[in-house]
Structures are given as C-alpha cells and as structure tokens.
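# Survey of secondary and tertiary structure
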Amino acid sequence: MKSRFCNYIEQNRLFAREDTILVGVSGGIDSIVLLHLLKECGFHPTVAHCNFCLRGNESDGDENFVAQIAKEWSLPFYSIRFDTMRYAEEQNLSIQMAARKLRYEWFEQLTEIYGYSKIAIAHNNDDTIETFFINLLRGTGLKGLAGIPVNNGRIVRPLLFASRREIEKYAAEHGLTHREDSTNAQTKYLRNKIRHKIVPLFRAISPRFDTTMQENILRMGQTFELVQSLSGELWKKYVRQEHETEIFPLRVVFDYTPASYLLYEIIRRYGFDYSTTEEIMSAYVSGHNGAQFFSSSRRIVLDRGNLLITAIPSRSELSEAETLRLGEQVTFRDVNYFCIQTDVIPTFSDYHATTACFDAEKLIFPLKIRLWKPGDRFYPLGMEKSKKISDYLTDSKMALPQKERQQVVLSGNDIIWLTGLRIDNRYKITEQTQKVIKISIL
C-alpha cells in the first residue's frame, strides 16, 4: 500500500517532497490512513479539521480525537467550528452542500494565508464509484461519469487508487484508530443507499465489479478530456468578441456527430444544461431567429446562425443617463460625445454615422444621453410620422445585444438622435437655420 501510494503521487505529479500539504482530516478511517501514509512517505502534512456542529457531542469528540492524533504525530493542527444549519438556511443549500462549501472555502483561506502547496482530500475508489452512480441517477454529461478528479487545481486526492477494503486492511495492519460517523450507516442519504444497498448487489453479481468500474470510469474520463479538448479548440478558433458579446457560429458544430452534445460541452462553461442545448438546436433548425435562452448568469440569443452570448441585462441600466452641455465632452457607457455650436452650415459631406447636426434654435439644453427604452418613438429623418425605435432597430436587422446597447440623445423629452444611425426629422437643418449644434461621437 505504501509503495503504491508513493507511485500514485509520482505518476500523477500530485506534489513533490518539499511541498507543504494541508490535509482535510475528519477523523474517519480514510483521512487517518491518508495522514499516516503521507507521514510514512516523508511528506510534510498539516492537519485541518472542520467541526460542523451537526452531531452534538459526537462532533466535538471527532475534533478532540483529531487534535490528539496531530499532537501524538507532532503535526501542525488547525480546527474551526461552523454553524452549518444556519448557513444552509441562509444560503438555501442542503446540509451536505453547505458543509462542503464551508469546508473548501476554509481550506482555501488557510492555503492563501500560510502558503500551502496542495490540499489533500481522502477520497478513495469506492467514493468514485458511488459518485458515478449518484450522477447517473441525477442525470449528467461525460464529466459526471468521469468520477472524482485526482487533481483539481490545488486540491489533490492521493487515495483514489485504493478501495475502502484496502484502506481498512492498512489501518488494521498499522493499528490505526479512527472515529466512525454514525450518519454513515443511515440510508436516508442517496450516497449511503448506493454504498450499502446498490454497490453490494453489483459486487455479488461480478467479483471484478470494482476493477471493471475503475476501468470504465477511467475511459469515461479520457473521453471527457478528448471532448473537452475539441470543444476548447473550436471555441478558441471560432469565437469572436464584440463589445461585451461573445459570438459563436453554430454551423461549426454540425461538422461533428452528435452536434448537440458538442455544443453542450462548448456552452456549459456558462452554466447551460443539456436540455437548453437541445432547445437551441431545435430553434436553429426551425429558423427561430432572435430566440433567447438563459442560464443563471448568461443569456444566449440565436441571431442568423450565430450564438450571441452576453451577461443577463440589468433593468437598472435603462435608468442611467448622462448630461451633455455645449463645449463639453462626456462619456456614456464607453461612447464619447462632444457638442459644439457653429455658424457654419454643414454640407452633405459633413453628415456621417459619427456626426449629427441640428438647428440650434430648436434644442433645449442641457441635452441628455441614455439607452433607448421600450415605447420610445422619434421621427426618422425624411419622415413626417413617428416610428417606434424598437421597430426601426428591427427593420435595420440589428442583433439583440446591439439593440440593447443602442443609445439616444434627447432634447427635453424628444429623442433627437438615434446615436450613430439617424436624427429626428423635426430638428434637422433647414434653409432658415442660422446656428448649428454639432454632436460627434469620438
């Protein structure tokens, strides 16, 4: 076991001899064996114990036990107590997820403060098999079937190669004592149901069950890495950035089969699930241009065969505004405006997308700049009737994210310029114009 442990660390390049290692030690058999192996192999472990205060005196007993082990083995020791129940309620999390979040956040804090190289966790091969079945039952992609990663940033799992039986045997051979969490025997939790009821049935059917599952999970992991590599290459090659929008051509994934799964692996980085991926593909095939799809943090707009990926727009943005005065330069949402007055009547060549000219006598200062809002109307140059700005932008075949960034300039309550596109007909230069207001975007 000791030689396999050292070889596993070396083969997976988990850490070097000189590295300082923070070890999560609950007091259970897995973490005690991990700590003992690290010490026996000449590494430099530090003990970190979380008391989640969920089992009363039993939790306190675990903390005291781990503190005593650290003292006997002359190892540095940290411990912390959490009000896990309250935290779970405040964050709307299950008890298990709350404990996990608290645990890893504290480990990261210790690592940052004291400069530990790695955080070692005592997951074993049985944990990997159980996680496989948990994810299979809940529904998952390749990532969920690839098991628990041996190396995930600073977090390493040096015991993943070992079964629980091997760990128990090692503990008995070396006279290692440990604490048993009473909740591990309760089958009200999904993991425990799989551990105590499902896995034993498979082992009874196939004596090679553990080995076979280890091989299956390894192949799943390799397949996941292959798909990840392909999806990453496609993203890097074809995505382009415009302002705050990432644009990805959907046609790219149709060179591969199945295209929908490849798309899922590309966009799940933003929290999109597989069912949403299927909806995107269906909308694309049906020609539903402008369809929108949401994850917790991102929005995808299907626009003429492209996926336009943006942050979810904030309603508060519509209330933002900037004041524009004569002779001043102001910036509104990364667009620079400059306003002057002149006696020179512009010629046709003076008109372009970055400059707008108005009859000075018709304007009321200061002017105002903001994003357009639903219901906004103006009189497009050359038209005697008003038009909704939403309709004007739609007729211009403007993509939704670009529409949402579209700005307007107002005099009083009237929109005088749809910035960069068209001025209002009521404020245009005429033969009677004597002074001109010229607004430029820089």
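Look a little higher up for the structure.
Residues numbered from 1 in each chain as written. Predicted model: local features only at pLDDT ≥ 70, side-chain atom pairs only at ≥ 80, totals over all residues. Heavy atoms only, no water.

As a further point, take the pattern of salt bridges. Pairing between side chains of opposite charge can happen when their charged atoms approach one another. Taken as a whole and judged by the stated rule, the model has 29 salt bridges. Note that R304 is salt-bridged to D303, the shortest N-O span being 3.2 Å. R370 is the partner of D376 in a salt bridge, and the nearest nitrogen-oxygen pair spans 2.8 Å. Of the residues examined, R370 reaches a relative accessible area of 9% and is grouped as buried. Each member of the salt-bridge network shares a partner with another, and the members are D126, D127, E130, R164, R191, R195, R203 and D210. (Salt bridge = Lys/Arg side-chain N within 4 Å of Asp/Glu carboxyl O. Buried < 20%, exposed > 50% of the residue type's maximum accessible area, 1.4 Å probe, protein only.)

The next point concerns helix α12 (residues 274–286). Along an α-helix, residues three or four positions apart point the same way, because every turn accommodates 3.6 residues. Between the first and last C-alpha of α12 there are 18 Å, a value that for 13 residues agrees with the 18 Å anticipated at 1.5 Å per step. Once α12 ends, the next one or two residues include G287, with phi positive near 75 degrees. (Helix = DSSP H or I, 4+ residues; strand = E, 2+ residues; numbered from the N terminus. Expected span 1.5 Å × (residues − 1).)

Turning to a nonpolar patch on the surface, a few remarks are in order. A contiguous nonpolar patch, built from I198, F202 and I205 and spanning about 290 Å² of accessible area, is present on the exposed surface. Along the chain, I198 turns up in helix α9 (residues 190–205). (Patch = residues over 30% accessible without salt bridge, like charges linked within 9 Å, V, L, I, M, F, W, Y side chains within 5 Å. Areas by Shrake-Rupley, 256 points an atom, 1.4 Å probe, with all protein chains shown as cover.)

Right, let's get into the nonpolar core. In globular proteins that are soluble, nonpolar side chains generally tend to be buried together. Core analysis: the biggest nonpolar cluster contains 38 residues, and F5 and L159 have the highest contact counts within it. Within the residue set of this core, elements represented by two or more residues are α1 (2–11), β1 (20–24), α2 (29–40), α3 (57–72) and α8 (164–173). Broken down by element, the residue count for this core peaks at seven residues, all from α2. When neighbours within four sequence positions are excluded, L159 is seen to be in contact with M1, F5, D30, L34, L37, A122, H123, N124, N125 and I167. F248, V253, L263 and I280 belong to the second-largest nonpolar core, a separate cluster that totals 21 residues. (Core = buried A, V, L, I, M, F, W, Y, C linked by side-chain atoms within 4.5 Å. Contact = heavy atoms within 4.5 Å.)

At a minimum axis separation of 9 Å, helix α4 (residues 84–91) and helix α5 (residues 95–114) run at an interaxial angle of 105 degrees. With respect to their mutual orientation, α4 and α5 come out roughly perpendicular. Contacts from T84, M85, Y87 and A88 of α4 reach α5 at I95, A98, A99, K101, L102 and E105. Of the residues that constitute the contact of α4 with α5, the class distribution is seven nonpolar, one polar and two charged. (Axes fitted to C-alpha atoms, helices over the stretch in contact; angles between N-to-C directions. Parallel < 35°, antiparallel > 145°, perpendicular 65-115°, else oblique. Nonpolar A, V, L, I, M, F, W, Y, C, P; charged D, E, K, R; others polar.)

Helix length check: α9 (16 residues) gives 21 Å between terminal C-alpha atoms against 22 Å at 1.5 Å per residue, within 8%. Taking the largest bend as the criterion, α9 deviates by roughly 35 degrees, centred on I198, and proline P200 comes between one and four positions later. Of the residues making up α9, those classed as buried are N192, I194, R195 and V199. (Bend = angle between axes of the 7 residues up to and from the residue.)

Let's shift gears to the sheet that holds strand β19 (residues 407–411). The strand order across the open sheet built from five strands is β12-β16-β19-β20-β21, with neighbouring strands paired in antiparallel fashion. Among the strands making up the open sheet, the edge pair consists of β12 (321–324) and β21 (422–423). Two elements, β12 and strand β16 (residues 367–371), share four bridges in a ladder whose sense is antiparallel. Directly across from T323, in β16, lies its bridge partner K368. (Pairing = 2+ DSSP bridges.)

A pair of packed helices can be characterised by two numbers: the angle between their axes and the separation between those axes. Interhelical geometry of helix α10 (residues 209–238) versus helix α11 (residues 259–267) gives an angle of 75 degrees and a closest axis separation of 9 Å. By the criterion of interaxial angle, the relationship of α10 to α11 is roughly perpendicular. For the pair α10 and α11, contact is made by F224, V227, Q228, L230, S231, L234 and W235 and by Y261, L262, E265 and I266, respectively. For the contact of α10 with α11, the residue count by class is eight nonpolar, two polar and one charged.

Of the consecutive residues T257 and P258, the connecting peptide bond is found in the cis state with omega at -5 degrees. One can find P258 in the loop between β8 (245–249) and α11. Looking along the chain, the bond that leaves F365 and enters P366 is cis, with omega of 0 degrees. Take P366: it is sitting in the loop between β15 (355–359) and β16. A positive phi is found at C53, a non-glycine position, where the angle reads about 55 degrees. When you line up the elements, C53 lands in the loop between β2 (44–51) and α3. Assessed through its relative accessible area of 40%, C53 is described here as partly exposed. With phi around 55 degrees, N92 is a residue other than glycine that occupies positive phi space. Relative to the elements of secondary structure, N92 occurs in the loop between α4 and α5. By relative accessible area, which is 71% here, N92 ends up exposed.

Our next topic: the pairing of β1. Burial within β1 is extensive, with four of its five residues counted as buried. The pairing of β1 with β2 spans five bridges and is classified as parallel. By the bridge assignment, T20 is partnered in β2 with H44. Each parallel crossover has a hand, and the one from β1 via α2 to β2 is right-handed. In terms of strand pairing, β1 meets strand β4 (residues 118–120) through three bridges, oriented parallel. In the strand pairing of β4, I21 is matched with K118. (Right-handed = clockwise from strand over helix to strand, strands pointing away.)

Next up on the list: the pairing of strand β10 (residues 298–303). Counting buried positions over the six residues of β10 gives five, a clear majority of the element. Inspection of the sheet shows strand β9 (residues 292–294) paired to β10 by three bridges, in the antiparallel sense. Looking at β10, one finds that Q292 is bridged to V301. Pairing analysis gives six bridges linking β10 to strand β11 (residues 306–311), with the strands arranged antiparallel. Counterpart to V301 in the pairing with β11 is L308. The hairpin turn running from β10 into β11, its antiparallel successor, is two residues long, and R304 in that turn takes a positive phi close to 50 degrees.

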